[in-house]
Amino acid sequence: MARNITDTLQPRKALPATLIGVGLGLGAGSLVAASVSALAGYFARRVVTPEERRTGNSVIREVRTDSEGKLWLHFTKDDETSEPGPCSFLTEFDSCALRLSAPEDVPGKPRLVARKIEKIYHGTLEGVRRGNFSGAIYEHPSDLGFEAEDVVVPLDGGDGPAWLVRGSANEDLWVIGVHGRGARRNESIRALPALSELGATTLLMSYRNDGLAPSAPDGRYGLGDTEWHDVEAGIQFALNHGAKQIILLGWSMGGAIGLQTADRSELAHHIDSLMLVGPVINWVDVLSHQARANKIPRSVGLFGQWLLSNKAGRWVTGQAAPVNLRRLNWVERAEELKLATLIMHSRDDEFVPNGPSLKLAALRPDLVTLKTFAKAGHTREPNVDPQGFAKAMTGFLTKRIAARKLTPKRF
């Protein structure tokens, strides 16, 4: 195609103006097509490629010490830096990890927001200027006073590090924490107070491509279409260690993983129910939203989805196999949902909008319990409203424990 365009634009003999116009039009069309393909390919690759080195999006404007000697970080005020509730801050290239307080105004500086450093988990702020905020505010269960055993879950690709927090009153009730895309096992630590209240045992596991467990052969996320195999291994680990009732706790993409595990695993009959926080119920909806949020034309976003879900796209995305987006759409598959499910989702989630969660709850009121939150960003529900989050979980778990006593499950 390029050679033909060159021949048209640089003819050996003079050509009619109409033909020159056609040639120019073809050239422009080809450039547009190439641009669309490149942008769609970039978009698709970003979705399935883990980030190895994060540079950080939020810039530290000032570091201040108050009268009590406490350190405060000042940031430019925006939706991320001023979001309610405490958070963690991972500096560029993960050189330092901090737990920060809820935001406060900076007197005389309306464009800034301040957060107090409550704990430095590792590293130093020396020379650091930027980083990323996260709702996973604890690095280890011991940060909340919980004793955790370091255990290993045998995965297909090798050993997956996990934390085991043993229960008391209901020690054979196991909750398996499944973290989200780009997160790690510490994401579920925020649920430990509610889980320990009922004496449940908790397994906080890792899975492929999360930086702790072995990477998949292609080094790409499957958006739940492949990761469920690792959660199946977590279920087997739980069964081998005395679990009689198993509940999956999935965050964000971990929700999609949990739904696939319950649908496709040979051990699915051992899963009692699901608890999902800011879950991806329909990846097409999330991808379309992300394309709009990043000002990507609709046609480019749709082509990106095609690349993710078709064999031809693997040469662009690097995937070993395409992602079955239809299989990951639980709004369309609502009738196939089999387990009692608690969904906790903020109406102000700007990363994974709660529309599909609302639709699934409306379609399956017999199985889905929905708890909505306000003012919480993506998976920040326990940060913004810890009491409401804990109440929703303990209420749901109490019902599941009662249901088990009425109809014991055969293992």
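Now for a quick tour of the structure. (Residues numbered from 1 in each chain as written. Predicted model: local features only at pLDDT ≥ 70, side-chain atom pairs only at ≥ 80, totals over all residues. Heavy atoms only, no water.)

Quick word on the overall build of the protein
Then comes step 1: In terms of helices and strands, the protein carries eleven helices and 15 strands.
Then comes step 2: Classification of the 411 residues of the protein by burial places 50% in the buried group.
Then comes step 3: Long-range contacts, defined as pairs at least 24 residues apart, comprise 72% of the intrachain contacts of the protein with a sequence gap of at least 6.
Then comes step 4: If you sum the accessible surface of the protein, you get close to 19,900 Å²; carbon and sulfur atoms cover 52% of it. (Helix = DSSP H or I, 4+ residues; strand = E, 2+ residues; numbered from the N terminus. Buried < 20%, exposed > 50% of the residue type's maximum accessible area, 1.4 Å probe, protein only. Contact = heavy atoms within 4.5 Å. Areas by Shrake-Rupley, 256 points an atom, 1.4 Å probe, with all protein chains shown as cover.)

Concerning the pattern of salt bridges
Then comes step 1: This structure, assessed with the given rule, holds 18 salt bridges.
Then comes step 2: Residue K109 pairs with E62 through a salt bridge whose shortest N-O separation is 2.8 Å. In this pair, K109 sits in the loop between strand 5 (104–105) and strand 6 (112–122) while E62 sits in strand 1 (residues 58–65), placing the two residues 47 residues apart along the sequence.
Then comes step 3: Ionic pairing is found between R333 and E336, a salt bridge with its closest N-O pair at 2.8 Å.
Then comes step 4: The exposure class of R333 is buried, given its relative accessible area of 10%.
Then comes step 5: Beyond isolated ion pairs, a larger network of salt bridges with shared partners links E62, R64 and K109. (Salt bridge = Lys/Arg side-chain N within 4 Å of Asp/Glu carboxyl O.)

A word on helix 5 (residues 253–264)
Every α-helix carries 3.6 residues per turn, so stepping three or four residues along brings you back to the same face.
Then comes step 1: Between its terminal C-alpha atoms helix 5 stretches 16 Å, which fits the 16 Å expected from twelve residues at 1.5 Å a residue.
Then comes step 2: The buried fraction of helix 5 is high, at ten of twelve residues.
Then comes step 3: All buried positions along helix 5 are accounted for by M253, G254, G255, A256, I257, G258, L259, Q260, T261 and A262.
Then comes step 4: The inward-facing, buried residues of helix 5 contact strand 10 (170–178), helix 4 (228–240), strand 12 (245–251), strand 13 (271–277) and helix 6 (283–293). (Expected span 1.5 Å × (residues − 1).)

Let's talk about the side chain of S357
Then comes step 1: Checked against the element boundaries, S357 lands in helix 9 (residues 355–363).
Then comes step 2: Discounting residues that sit within four places of it in the chain, S357 has contacts with P279, I281, I343 and H345.

Details of the sheet that holds strand 12
Then comes step 1: Reading across from one edge, 8-9-11-10-12-13-14-15 is the order of the eight strands in this open sheet, with mixed pairing throughout. The open sheet has two edge strands, strand 8 (149–155) and strand 15 (368–373), and neither has a second partner. If you compare each strand with its neighbour and ignore which way they point, the axes differ by 25° on average.
Then comes step 2: With six bridges connecting them, strand 10 and strand 12 associate as parallel partners. The residue bridging L173 from the neighbouring strand is Q245, located in strand 12.
Then comes step 3: Helix-sheet contacts for helix 4 involve strand 8, strand 10, strand 11 (200–205), strand 12 and strand 13, and the interaxial angle to strand 8 is about 125°.
Then comes step 4: Taken strand by strand, helix 9 contacts strand 14 (340–346) and strand 15, and its axis lies near 145° from that of strand 15. (Pairing = 2+ DSSP bridges. Axes fitted to C-alpha atoms, helices over the stretch in contact; angles between N-to-C directions.)

Notes on the pairing of strand 13
Then comes step 1: Buried residues dominate strand 13, accounting for seven of its seven residues.
Then comes step 2: Two elements, strand 12 and strand 13, share six bridges in a ladder whose sense is parallel. Across the sheet, W251 pairs through a bridge with V277, a residue of strand 13.
Then comes step 3: Once you follow strand 12 into helix 5 and on to strand 13, the crossover reads as right-handed.
Then comes step 4: Both strand 13 and strand 14 contribute to a ladder of five bridges, which runs parallel. Paired with M275 across the bridge in strand 14 is L342. (Right-handed = clockwise from strand over helix to strand, strands pointing away.)

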